[in-house]
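Structural features, examined
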Amino acid sequence: MEPLEKGWVVDGNVEKFDEVADALRRVIRKSGSKTKSAALALPASAVITRRILLPAELSGDEMETQVESEANQYIPFSLDEVSLDYCVIGPSLSSPSDVEVLIAASRKEKVQDRQGLAEAAGLKPIIIDIESYASRLAADRLIKLTPSAGKDALIALVEIGSATTAMQVVLNGDVVYERDQAFGGGQLSQMIARQYGFSVEEAESKKRNNDLPEDYETVVLPQFRLNLAQEIMRALQFFFTSTPNSKVDNILLAGGAAGILGLSEEIHEQSGFACSVANPFEGMDISANLRANKINKESTSYLTATGLALRRYLA
């Protein structure tokens, strides 16, 4: 993990290419990995996705032609300006003679930014995924480790980023609702800065290095936990008012702030729903060369990265 300075990446767009490339090189050096193949992801806001139905008997070439034709209806750009891909999800439940196909498209410059970063760091980009899809892939593995394998359970996957908290409600592997809230771990840094007279950058550094005043856990942290729990409840209320549902079976927390002391308990108290913290490394063997305490402390930050790594095992 390597911190990025404010303004280097804005809303998923790489604004400071050289600085981000340098950070990526530092990550690779620190990891000690000799792997050169890389899977990267774009934010969902940079990708247009649509599910369509196509005849099951189409050949590969015929399906590709049909996908391009269908894509013209949904993409507000010339196909020459986008990178386009698709995958067959499986047979359609509503139309037995058809298959359900997922189309994904992004502006070429967005894809090329990610490719360029990888290449600048000496990597070979193999896959460009979507962040929310990658995190969902990692979460799906965790859900399947539960006693009932999550069957027919409504799971609210909540990822707490620096500026945004993203919620995906998942049922049997399918997303039934998505919403972003403009609240994240960055608000904790701002609260620390105001309370103790630090700059926001100092507050962020002290938070990351666990170098905060003694009364931090009794003065600042409880209010942040409450604020964050209330934001998550707002997102859930939007879900309940726009669907026939009135509850979820579990809230699964991920992201850098997910492991904050007492957060899952606060959310459970505010919502009444079961709440747990996602450890994407659960059920994996951990190398003896790694520091277990550090892995446990930072694990919630690695859900999306783990989902990208799992792409290696998909056909």
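First things first, this report covers the structure right here in the doc. (Residues numbered from 1 in each chain as written. Predicted model: local features only at pLDDT ≥ 70, side-chain atom pairs only at ≥ 80, totals over all residues. Heavy atoms only, no water.)

Turning next to the overall build of the protein. The helix and strand tally for the protein stands at eleven helices and twelve strands. The C-alpha atoms of the protein give a radius of gyration of 21 Å, which matches the 20 Å a tight globule of 315 residues would have. Referenced to the eigenvectors of the C-alpha coordinate spread, the extents of the protein come out at roughly 65 × 50 × 40 Å. Burial status across the protein gives 38% buried among its 315 residues. Accessible surface for the protein amounts to roughly 17,900 Å². Of this, 49% is attributable to carbon and sulfur atoms. (Helix = DSSP H or I, 4+ residues; strand = E, 2+ residues; numbered from the N terminus. Rg over C-alpha atoms; globule rule 2.2 N^0.38 Å. Buried < 20%, exposed > 50% of the residue type's maximum accessible area, 1.4 Å probe, protein only. Areas by Shrake-Rupley, 256 points an atom, 1.4 Å probe, with all protein chains shown as cover.)

Taken together, three strands build an open sheet; the order of strands is E4-E6-E5 and the sheet is antiparallel. Whereas interior strands pair on both sides, the edge strands pair on one side only; in this sheet they are strand E4 (48-55) and strand E5 (82-91). With direction set aside, neighbouring strand axes in the sheet form an average angle of 25 degrees. With eight bridges joining them, E4 and strand E6 (residues 98-107) adopt antiparallel strand pairing. Residue pairing across strands places Leu54 opposite Val99, the latter belonging to E6. Where helix H2 (residues 60-74) meets the sheet, it contacts E4, E5 and E6, and its direction lies at approximately 130 degrees from that of E4. Across the face of the sheet, helix H3 (residues 108-120) comes into contact with E5 and E6 while running at roughly 75 degrees to E6. (Pairing = 2+ DSSP bridges. Axes fitted to C-alpha atoms, helices over the stretch in contact; angles between N-to-C directions. Contact = heavy atoms within 4.5 Å.)

So, on to the sheet that holds strand E12 (residues 275-277). The five strands are arranged E10-E9-E8-E11-E12 in an open sheet whose pairing can be described as mixed. What marks the edges here is a single partner per strand, and that holds for strand E10 (174-181) and E12. Within this sheet the neighbouring strands show an average axis-to-axis angle of 20 degrees, counted without direction. Two strands pair when backbone bridges link them, and strand E11 (residues 250-255) and E12 are joined in this way by three bridges, in the parallel orientation. Each bridged residue has a counterpart across the sheet, and for Leu252 the counterpart in E12 is Ser276. Against the sheet, helix H9 (residues 263-271) engages strand E8 (154-160), E11 and E12, with an angle of about 145 degrees to E11.

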